[in-house]
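Geometric and topological summary
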Amino acid sequence: MASVPAVQERSEQIPAPDGTGTFGAHVAVPDAGSGPGIVVLHEIFGVNDYVTGTCRRFADLGYVALAPDLFWRTAPGLALGHDEDGLAQAMENVATFDAEAAVGDAAAALDHLRSLPEVRGGAGVLGFCLGGTLAYLVAATAEPDAAVSYYGSGVPGALDQADRITCPLLVHFGGDDAYIPRDQIDAAQAALASRPGVTFVVHEGAGHAFDNSLAPGFHQPAAADAAWRQTADFLAEVLPTGR
């Protein structure tokens, strides 16, 4: 019996845009061997099992997914669990995080992804939590073909960047997010929802990090499943794989 093609995974090194070195990235290639690209931007816990698993989920949809290590400047290779110790380390690390440099690094990751021989048909960016804010900022400062932001706590404070976003944008928030006040979410929705190409979804009853199936204290399966279907449908429309 012939073997069934499987998702292929590997590591890449990406030149930093400021010329200070290179940083690592995890790559997952779909069984078809090619497809559009998706940059996956991690939470404050780094490129851990949740992030590499998300890359595989996108590869299963037909995308070439690349997750860059955006903590390489201060804590290269950081991959924390979602327990109390992991959260404490993550908060300590993010206190010295250079968000502006990370936006540049994420844009460089997008350029690198586009250069891979397996990538055909455009490339977008998606992020969770910290990465959700960065995905929004990459959409404003670079030129992805699509962007998806999951519960980016910095999005409400960066609404002045909205006019710079020209690609299709999908924004997810939880209606009961303990880390992002509801009035901030409502303000972001009012500013963004009426813009051309923007889809803004508030998952009522959902909290922060509801997608993360490896974080039992946060994961909410109903909201996660709904958001994933919406994300897959959105990308199928604006960044189709041809499947």
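Relevant structure appears above.
Owing to the predicted nature of the structure, the values given are computational and were not obtained by experimental measurement.

Axes are the key here: two packed helices are described by the angle between their axes and the distance separating the axes. One way to put it is that helix 3 (residues 99-115) packs onto helix 4 (residues 130-141) with a least axis distance of 9 Å and a crossing angle of 70°. Classified by the angle their axes make, helix 3 and helix 4 are roughly perpendicular. The interaxial crossing formed by helix 3 with helix 4 has right-handed handedness. Contact with helix 3, carried on its side by Ala-99, Ala-102, Val-103, Ala-106 and Ala-107, involves Leu-134, Leu-137, Val-138 and Thr-141 of helix 4 and no other residues of that element.

Of all 7 residues in strand 3 (residues 35-41), 7 are buried; the element is thus mostly enclosed. As paired strands, strand 3 and strand 5 (residues 119-128) are joined by 6 bridges and run parallel to one another. Looking at the pairing, Gly-35 lines up with Val-119 of strand 5. Pairing analysis gives 3 bridges linking strand 3 to strand 4 (residues 64-68), with the strands arranged parallel. Paired with Val-39 across the strands is Leu-66, a residue of strand 4. Between strand 3 and its parallel partner strand 4, the chain crosses via helix 1 (residues 49-60), and the hand of that crossover is right-handed.

The next subject is the side chain of Asp-211. When you line up the elements, Asp-211 lands in the loop between strand 8 (198-203) and helix 6 (221-238). A polar side-chain atom of Asp-211 sits 2.5 Å from a polar atom in the side chain of Tyr-50. Excluding its chain neighbours within four sequence positions, the residues that come into contact with Asp-211 are Tyr-50, Arg-57, Phe-128, Tyr-150, Tyr-151, His-219 and Ala-224.

This part takes up the nonpolar core. With 86 residues, the main nonpolar core has Val-40, Phe-58, Tyr-136, Tyr-150 and Tyr-151 as its most contacted residues. Top element by residues in this core is helix 4. It accounts for 8 residues. Excluding residues that lie within four positions of it along the chain, Tyr-151 makes contacts with Tyr-50, Phe-128, Cys-129, His-172, Phe-173, Asp-177, Ile-180, His-208, Ala-209, Phe-210, Asp-211 and Asn-212.

Spatially, 8 strands are ordered 1-2-4-3-5-6-7-8 in an open sheet, and the strand pairing comes out mixed. Two strands in the sheet have a free side with no partner beyond their single neighbour: strand 1 (8-15) and strand 8. Along the sheet, successive strands turn relative to each other by an average axial angle of 20°, direction set aside. Packed onto the sheet, helix 3 meets strand 1, strand 2 (22-29), strand 3, strand 4 and strand 5 and runs at close to 125° relative to strand 1.

For the rest of this paragraph, the subject is the pattern of salt bridges. Evaluated as defined, the whole model comprises 10 salt bridges. The closest approach of N and O atoms between Asp-105 and Arg-73, which form a salt bridge, is 2.9 Å. Pair noted here: Asp-105 is in helix 3 and Arg-73 is in the loop between strand 4 and helix 2 (84-94), with a separation of 32 residues, a long-range link. Residue Asp-105 is classed as buried on the basis of its relative accessible area of 1%. Look at Arg-73 and you get partly exposed, because its relative accessible area is 33%. Each of Arg-10, Glu-12 and Glu-118 takes part in a single network of salt bridges with overlapping partners.

Another point: the pairing of strand 8. By the criterion of burial, strand 8 is predominantly enclosed, with 5 of the 6 residues buried. Here strand 7 (residues 169-174) runs beside strand 8; their pairing, made up of 6 bridges, is parallel. The residue bridging Val-171 from the neighbouring strand is Phe-200, located in strand 8. Crossover connection from strand 7 via helix 5 (residues 182-192) to parallel strand 8: handedness right-handed.

Turning our eyes to something else, we now look at the side chain of His-112. Relative to the helices and strands, His-112 resides in helix 3. You can call His-112 buried: its relative accessible area is 15%. When near neighbours in sequence (up to four residues on either side) are disregarded, His-112 contacts Glu-12, Gln-13, Ile-14, Pro-15 and Leu-66.

Here we take up helix 3. Over its 17 residues, helix 3 extends 24 Å from the first C-alpha to the last, a length consistent with the 24 Å expected when each residue adds 1.5 Å. Every buried residue of helix 3 is listed here: Ala-101, Ala-102, Val-103, Asp-105, Ala-106, Ala-107, Ala-108, Ala-109, Leu-110, His-112 and Leu-113. Elements in contact with the buried residues of helix 3: strand 1, strand 2, strand 3, strand 4, strand 5 and helix 4. For helix 3, the side-chain oxygen to backbone nitrogen distance between the N-cap and Glu-100 is 3.2 Å, and the N-cap itself is Asp-98.

Thresholds, definitions, all that
Residues numbered from 1 in each chain as written. Predicted model: local features only at pLDDT ≥ 70, side-chain atom pairs only at ≥ 80, totals over all residues. Heavy atoms only, no water. Axes fitted to C-alpha atoms, helices over the stretch in contact; angles between N-to-C directions. Helix = DSSP H or I, 4+ residues; strand = E, 2+ residues; numbered from the N terminus. Parallel < 35°, antiparallel > 145°, perpendicular 65-115°, else oblique. Left-handed = near helix turned anticlockwise from the far one by under 90°. Contact = heavy atoms within 4.5 Å. Buried < 20%, exposed > 50% of the residue type's maximum accessible area, 1.4 Å probe, protein only. Pairing = 2+ DSSP bridges. Right-handed = clockwise from strand over helix to strand, strands pointing away. Polar contact = N/O pair within 3.5 Å; in protein donor to acceptor, adjacent residues only side chain to side chain. Core = buried A, V, L, I, M, F, W, Y, C linked by side-chain atoms within 4.5 Å. Salt bridge = Lys/Arg side-chain N within 4 Å of Asp/Glu carboxyl O. Expected span 1.5 Å × (residues − 1).

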